[in-house]
Amino acid sequence: MASSRRGIMLLALLMSDVLVMRKMVSSMPICTPGSFQCQVLLSDLFDRAIKLSHYIHSLSTEMYEDLDQRFSQGRQILGKAMISCHTSSLSTPEDKDQALQTHHDDLINLVQKLLRSWNQPLQHLALEAPDNMASKMKEVEEHAKILQGGIDRIAGRMQSNLGDEFYPQWLTPGDSRMPNGDSESYALYHLLHCFRRDSNKIDNYLKILRCRMVHASNC
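Scope of this entry: the structure provided in the associated data block. (Residues numbered from 1 in each chain as written. Predicted model: local features only at pLDDT ≥ 70, side-chain atom pairs only at ≥ 80, totals over all residues. Heavy atoms only, no water.)

With that settled, the discussion passes to the nonpolar core. Within soluble globular proteins, side chains that are nonpolar generally end up buried alongside one another. Membership of the largest hydrophobic core comes to 47 residues, with the highest contact counts inside it found for Met 137, Leu 147, Ile 154 and Leu 206. If you list the elements that add at least two residues to this core, you get α2 (42–72), α5 (104–117), α6 (119–128), α7 (131–157) and α8 (183–213). Contacts of Ile 154, omitting those with residues within four sequence positions, involve Leu 42, Leu 45, Phe 46, Ala 49 and Ile 108. (Core = buried A, V, L, I, M, F, W, Y, C linked by side-chain atoms within 4.5 Å. Buried < 20%, exposed > 50% of the residue type's maximum accessible area, 1.4 Å probe, protein only. Helix = DSSP H or I, 4+ residues; strand = E, 2+ residues; numbered from the N terminus. Contact = heavy atoms within 4.5 Å.)

Counted according to the given criterion, the structure contains two aromatic pairs. Judged by centre distance (5.4 Å) and plane angle (35°), the rings of Tyr 64 and Tyr 189 are tilted. Separated by 125 residues along the polypeptide, Tyr 64 in helix α2 and Tyr 189 in helix α8 bring together distant segments of the chain. For Tyr 64, a relative accessible area of 6% corresponds to the buried category. By relative accessible area, which is 2% here, Tyr 189 ends up buried. (Phe/Tyr/Trp six-rings, centres within 6.5 Å; stacked < 30°, edge-to-face > 60°.)

As for its placement among the helices and strands, His 57 is situated in helix α2. For the pair formed by His 57 and Arg 196, sequence separation is 139 residues and the distance between their alpha carbons is 6.1 Å. In this structure His 57 touches Arg 196, Ser 199 and Asn 200, once residues within four positions along its chain are discounted. Separated by 3.5 Å, the side chain of His 57 and the backbone nitrogen of Asn 200 make a polar contact. (Polar contact = N/O pair within 3.5 Å; in protein donor to acceptor, adjacent residues only side chain to side chain.)

Viewed as axis vectors pointing N to C, α5 and α7 meet at an angle of 155°, and their least axial separation amounts to 10 Å. Taken together, α5 and α7 sit at an angle that is classed as roughly antiparallel. Handedness of the α5/α7 crossing: left-handed. Along its contact with α5, which presents Ile 108, Val 111, Gln 112, Leu 115 and Arg 116, the element α7 presents Ala 144, Leu 147, Gln 148, Ile 151, Asp 152, Ile 154 and Ala 155. Here the contact of α5 with α7 is composed, by residue class, of eight nonpolar, two polar and two charged. (Axes fitted to C-alpha atoms, helices over the stretch in contact; angles between N-to-C directions. Parallel < 35°, antiparallel > 145°, perpendicular 65-115°, else oblique. Left-handed = near helix turned anticlockwise from the far one by under 90°. Nonpolar A, V, L, I, M, F, W, Y, C, P; charged D, E, K, R; others polar.)

Under the defined criterion, the tally for this structure stands at six salt bridges. When the shortest N-O distance is used, the salt bridge between Glu 141 and Lys 138 registers 3.2 Å. Here Glu 141 and its partner Lys 138 are both found in helix α7, three residues apart, which amounts to about one turn of the helix. The class for Glu 141 is buried, based on a relative accessible area of 6%. The salt bridge involving Lys 207 is made with Asp 203; its shortest N-O contact spans 3.1 Å. In this pair, Lys 207 and Asp 203 are both assigned in helix α8, four residues apart and thus about one turn of the helix distant. On the basis of relative accessible area, Asp 203 is assigned to the buried category, the value being 2%. One salt-bridge network, in which partners are shared between bridges, spans Lys 138, Glu 141 and Lys 145. (Salt bridge = Lys/Arg side-chain N within 4 Å of Asp/Glu carboxyl O.)

The phi dihedral of Ala 216 falls on the positive side, at around 55°, and the residue is not glycine. For Ala 216, the position within the fold is in the segment after α8. Under the relative-accessibility criterion, Ala 216 is labelled exposed at 65%. Its identity is not glycine, yet Ser 217 carries a phi of approximately 65°, on the positive side.

Structure below.
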């Protein structure tokens, strides 16, 4: 009888220790700054990437609309001389429904290809943008680099292999000539138009990926 009581007491103590340990683990920070063992939740990685991508798209839209108002002046430049964007060779979903049907590995690869294809053009834009846009353009360039690193981490957590696959190369705008000596302004206008379009795609694809990978498509 005494041994039975001791057994019950021992079991109760063990259960108490387990509960204490669980409480300690659950209260521990997920990520300790500077720690090599830092484990950030996939949901947090997506949240950060989406905030960044949305901000990048907002800045690109703001700059494009500002340039459009000052430069186009109703001349319908896009209709006159708009050539295809250098990323047009990438096969991307035509709409949200098609994107929803695209495999998550393909979507994350598309995001990274789009970002990589804009490395050079964004450097060019940061150098050539008018004074009133220069700081915003530099900010976009820097944030795009940070976002690439975030996408690498997300792909690693998703066990998706980004690899060194083909991504579209951009050529300096030597032949984008417009009448009345507007070639430089047009080149800037054209690039911002294309980047705004692609940054919107990146933002949308990341939102679809977060919904699928974090919320099991329940959003």
